[in-house]
Amino acid sequence: MWLVLFIIGTVVMALALLRDSLGAQLPGACPRCGAPDQDMSRGPVAVYVRWYRSMAGERLRCRHCLTAFKNHPNGTLVEDREG
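No experiment lies behind these values; they were computed from the predicted model shown. (Residues numbered from 1 in each chain as written. Predicted model: local features only at pLDDT ≥ 70, side-chain atom pairs only at ≥ 80, totals over all residues. Heavy atoms only, no water.)

A.B. asks: Would you mind showing me how to read the nonpolar core here?
C.D. replies: Considering soluble globular proteins, one finds that nonpolar side chains tend to be buried as a cluster. With seven residues, the main nonpolar core is built from Cys 30, Trp 51, Tyr 52, Leu 60, Cys 62, Phe 69 and Leu 77. Beyond its immediate sequence surroundings of up to four residues, Tyr 52 is in contact with Leu 26, Leu 60, Arg 61, Cys 62 and Arg 63. (Core = buried A, V, L, I, M, F, W, Y, C linked by side-chain atoms within 4.5 Å. Buried < 20%, exposed > 50% of the residue type's maximum accessible area, 1.4 Å probe, protein only. Contact = heavy atoms within 4.5 Å.)

A.B. asks: I'm lost on unusual backbone geometry in this one. Help?
C.D. replies: Among all residues save glycine, negative phi is the norm, and among peptide bonds the norm is trans. The phi torsion at Leu 66 lies on the positive side, around 65 degrees, for a residue other than glycine. When you line up the elements, Leu 66 lands in the loop between β4 (60-62) and β5 (68-71). Leu 66 gets classed as partly exposed once you look at its relative accessible area, which sits at 48%. (Helix = DSSP H or I, 4+ residues; strand = E, 2+ residues; numbered from the N terminus.)

A.B. asks: Would you mind showing me how to read the sheet that holds β4 here?
C.D. replies: Sheets are built from strands that pair by backbone hydrogen bonding, the pairs being arranged parallel or antiparallel. A sheet is described by the order of its strands in space; here four strands give the open sequence β3-β4-β5-β6, paired in antiparallel fashion. Edge strands, defined here as strands with exactly one partner in the open sheet, are β3 (52-54) and β6 (77-79). This sheet shows a mean twist of 35 degrees between the axes of neighbouring strands, independent of strand direction. (Pairing = 2+ DSSP bridges. Axes fitted to C-alpha atoms, helices over the stretch in contact; angles between N-to-C directions.)

A.B. asks: What's the story with the environment of Arg 63 in this structure? I'm lost.
C.D. replies: Following the sequence through the fold, Arg 63 ends up in the loop between β4 and β5. On the basis of relative accessibility, which here comes to 38%, the residue Arg 63 falls in the partly exposed class. In this view, Arg 63 contacts Val 49, Arg 50, Trp 51, Tyr 52 and Arg 53; residues no more than four positions away in its chain are not counted. Looking at Arg 63, its side chain comes within polar contact range of the main-chain oxygen of Arg 50, at 3.1 Å. (Polar contact = N/O pair within 3.5 Å; in protein donor to acceptor, adjacent residues only side chain to side chain.)

A.B. asks: Sorry, what's going on with the side chain of Arg 61 here?
C.D. replies: Structurally, the position occupied by Arg 61 is in strand β4. Despite its burial, Arg 61 remains without a salt bridge, the nearest opposite charge being carried by Asp 80 at 7.1 Å. Polar contacts involving the side chain of Arg 61 include one to the main-chain carbonyl oxygen of Leu 66, which spans 2.7 Å. (Lys, Arg positive; Asp, Glu negative; His and termini not counted. Salt bridge = Lys/Arg side-chain N within 4 Å of Asp/Glu carboxyl O.)

A.B. asks: Honestly, the pattern of salt bridges in this entry has me stumped. Any pointers?
C.D. replies: Pairing is possible between side chains that carry opposite charge, provided their charged atoms lie close to one another. A complete count under the given rule lists five salt bridges for this structure. The salt bridge partner of Arg 59 is Asp 80, with a shortest N-O separation of 2.7 Å. Here Arg 59 is found in the loop between β3 and β4, whereas its partner Asp 80 is found in the segment after β6, with 21 residues between them in sequence. A relative accessible area of 24% places Arg 59 in the partly exposed class. Salt-bridge contacts for Glu 79 lead to Arg 81; the nearest nitrogen and oxygen are separated by 3.4 Å.

The following block contains the structure:
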């Protein structure tokens, strides 16, 4: 039983890593204000906070300057004037 759970967990972790590596390569800081990702580790629990919040669809919003971004067809982030 434990072996089956271990194998299922291993497959789930491998798929999650594969999904993250194939996803969009987002910059490590906001293109507008330059706010970086933050490591909020306090104690035994590691918490890594990205500079952006995901919104509906392919849109992102900076946690600091609140600027909305969307994916450009060439793979870069552009400011979303409508959001």
